[in-house]
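A structural walkthrough
Below, each chain spelled out in residue letters.
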Amino acid sequence: GGRGVSRGARSHRGLNQTICMSTVTRNANIGKLAAGYLFPEIARRRNEHLEANPDAKIISLGIGDTTEPIPQPIVDGMVESAKGLGTLDGYGKYGGYGAEQGQGPLRDAIAERFYSHVDTSAADIFVSDGSKCDIGRIQMMFGSGHSVSVQDPSYPAYVDTSVIIGNTGLFNDDTSQFDDIQYMACTAGNGFFPDIDSAKKSDIVFFCSPNNPTGAAATREQLTKLVAKCKADGSILIYDAAYAIYIENPDCPKTIYEIPGADEVAIETCSFSKYAGFTGLRLGWTVVPENLTFSDGSKVKTDYNRIMSTCFNGASNVAQAAGMACCSDAGYKSMLDLVAYYKENALILKKCFEELGFEVHGGTDAPYVWVGFPGKNSWDVFAEILSGTSIVTTPGAGFGPAGEGFVRASAFGHRENILEAVDRLKDYFKK
Ligand code: PLP
């Protein structure tokens, strides 16, 4: 190919074409990332299984993706908004670019619905296209040059975005960890809450409750300890509450701001993805309290606002209408019903694994069940379950080395698939 010949000095020849390379160096931090992101790798293995067994009826308890229809009151909110955008008045009211921080009424509604029992004000709530995107933007705000701690195991985005922004060393094959990042082990032995007293100080601490993947929700006492530790160390806590609505244990706070003083320590990110069951619609929010400061005394909120205004142009009008509906009485009730449905699935899975004699955690305050296979390699267990039952799970090691010996089962399925999965698992493991 003659295309681009003049661009780079070097080229390499494929089968039928010559690709001319650019002269741009690769971001070395991205080069540090180990094998592919967890879920694409699972999808690859699932497809491999399907190619080898074209008749297999795969059931996914793997990626935590919702499956049930969006509740009607929430759909109605979106439809009305979408229709309104086709009218002069409706477009004038909520069309065009919105505020980068989100529509005022939605920020108010989120504050009222989720934070009325704490001091959090609507002015500290930044509506977004989801929590994962916010985690990336939070990293961009902090930039490199910071030490980071994560729970181990944890949602992979905390580590991977820390790698990309340059806050870690290289991946270490001996430890299965990135160097220069603190992995705080959460095991059955410590009740899935890290040993805070022996943890080193770090600038940024990621913490997720209820935790993905272990399903463990932290108690008020545990979070009080965590906030005190961050305060003593001068750290900023990034608290991920994406599954808080699944908590039923009254000892477990639904927001970090239930802990006194957390507004001087913590950013909280949350999402409608798993609340309203619309992962693909993309709507979440992040709370950056007025009282949270950098070491020079400047407000973190000012910088977060700058990042949102620079890299984000506001969540979709229609998605925000869905968010408004979620916060209405009818919408909120429909969310709780949906959450109850998925939690029933979690209970069914939990009972199944318990009956089969496995060590089972989670599933009561979270949509995830964390199943122990002590001494086994979690990718091997994943592969065995896939080949033996055509059920996709998630290998625990994908969430960090302390996840080794576990697989995660997600409760976000249709009931009939969950029941079918239970039959297959009982069939297979009772043999
Ligand atoms: N945080 C945790 C712990 C998650 O498990 C997920 C999604 O699976 C997210 C954040 C991302 O949510 P969102 O869909 O809002 O990007």
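Residues numbered from 1 in each chain as written. Predicted model: local features only at pLDDT ≥ 70, side-chain atom pairs only at ≥ 80, totals over all residues.

A short note on the domain arrangement of the protein
Annotation of the protein at the domain level lists domain 1 (32-69 + 331-430) and domain 2 (72-322). In this structure, domain 1 and domain 2 have C-alpha centres spaced 25 Å apart. Looking at the side of domain 1 that touches domain 2, the elements with two or more residues in it are α11 (329-355), β13 (359-362) and β14 (368-372). The element contributing the most residues to the side of domain 1 that touches domain 2 is α11, with 7 residues. Tallied by class, residues from the side of domain 1 that touches domain 2 come to 16 nonpolar, 13 polar and 6 charged. (Domains from an automatic or database assignment. Helix = DSSP H or I, 4+ residues; strand = E, 2+ residues; numbered from the N terminus. Nonpolar A, V, L, I, M, F, W, Y, C, P; charged D, E, K, R; others polar.)

Examining the UniProt feature "domain: Aminotransferase class I/classII large" (unreviewed entry) in the protein
With numbering aligned to this structure, UniProt lists the feature "domain: Aminotransferase class I/classII large" (unreviewed entry) at residues 57-425. Secondary structure across residues 57-425 comprises 38% helix and 15% strand; the distance between its end C-alpha atoms is 14 Å. (UniProt positions renumbered as here; feature names shortened; annotations may be inferred.)

Focus: the site of the ligand
Of all residues adjacent to the ligand, which total 13 residues, the nearest are Gly130, Ser131, Lys132, Ser271 and Ser273. Partitioned by chemical class, the residues of the shell around the ligand number 3 nonpolar, 8 polar and 2 charged. (Near = placed C-beta within 6 Å.)

Notes on the packing of α11 against helix α13 (residues 415-430)
Two elements in contact, α11 and α13, have axes whose closest approach is 10 Å; the angle formed by their N-to-C orientations is 5°. It follows that α11 is roughly parallel to α13 by the angle criterion. Along its contact with α11, which presents Asn345, Ile348, Leu349 and Cys352, the element α13 presents Arg415, Ile418, Val422, Leu425 and Lys426. The residue makeup of the contact of α11 with α13, split by class, is 6 nonpolar, 1 polar and 2 charged. (Axes fitted to C-alpha atoms, helices over the stretch in contact; angles between N-to-C directions. Parallel < 35°, antiparallel > 145°, perpendicular 65-115°, else oblique. Contact = placed C-beta atoms within 7 Å.)

Details of the environment of Asp380
Its place among the elements puts Asp380 in helix α12 (residues 378-389). In the structure, Asp380 is positioned 25 residues away from Gly405 in sequence and 9.5 Å away in space, judged by C-alpha atoms.

Examining the nonpolar core
Judged by nonpolar contacts, the single largest core of 111 residues is most densely connected at Val227, Leu237, Ile238, Ile267, Ala322, Cys326 and Val369. Per-element tally for this core: the top contributor is α11, with 8 residues. (Core = buried A, V, L, I, M, F, W, Y, C linked by C-beta atoms within 7 Å. Buried ≥ 20, exposed ≤ 12 C-beta atoms within 10 Å, placed from the backbone.)

Brief notes about α12
With 12 residues, α12 extends 16 Å from end C-alpha to end C-alpha; this agrees with the ideal 16 Å at 1.5 Å per step. For α12, the full list of buried residues reads Ser378, Val381, Phe382, Ile385, Leu386 and Thr389. On an axial view of α12, the arc spanned by its buried residues comes to 130°, and they lie on one face. Looking at the buried positions of α12, the neighbouring elements they touch are α2 (38-52), β15 (391-392), β16 (394-395), β17 (406-410) and α13. (Expected span 1.5 Å × (residues − 1). Arc of directions from axis to C-beta.)

Quick look at unusual backbone geometry
The linkage connecting Asp152 with the following residue, Pro153, adopts the cis geometry, with an omega of 5°. In this fold, Pro153 is placed in the loop between β5 (148-152) and α7 (156-165). In the segment running from Asn212 into Pro213, the intervening peptide bond is cis, with an omega of 20°. Here Pro213 is to be found in the loop between β9 (204-208) and α8 (220-233). Notably, Phe192 is not glycine yet its phi reads approximately 60°, a positive angle. Looking at the element boundaries, Phe192 is found in the loop between β8 (182-185) and β9.

Considering helix α5 (residues 104-115)
Helix length check: α5, at 12 residues, gives a terminal C-alpha distance of 16 Å against a target of 16 Å (1.5 Å per residue), a fit within 8%. Along α5, the positions that sit buried rather than exposed are Leu106, Arg107, Ala109, Ile110, Ala111, Phe114 and Tyr115. In the core, the buried residues of α5 are packed alongside β4 (125-128), β12 (284-287) and α10 (317-327).

Looking at the confidence of the model for the protein
Per-residue pLDDT for the protein averages 94, and the proportion of residues at 70 or more is 95%. The ipTM assigned to the predicted complex is 0.99, against a pTM of 0.94. (pLDDT = per-residue confidence, 0-100.)

Here's the deal with the sheet that holds β12
Reading across the sheet, the 7 strands line up as β4-β12-β11-β10-β9-β5-β8 and stay open at both edges, with mixed pairing between neighbours. Only two strands of the sheet have a single neighbouring strand rather than two, namely β4 and β8. The sheet shows a mean angle of 20° between the axes of neighbouring strands, direction not considered. With 5 bridges connecting them, β9 and strand β10 (residues 236-240) associate as parallel partners. Within the sheet, the bridge partner assigned to Phe206 lies in β10 and is Ile238. Where α5 meets the sheet, it contacts β4 and β12, and its direction lies at approximately 115° from that of β4. Those strands touched by α8 are β9, β10 and β11 (266-271), and its axis lies near 150° from that of β10. (Pairing = 2+ DSSP bridges.)

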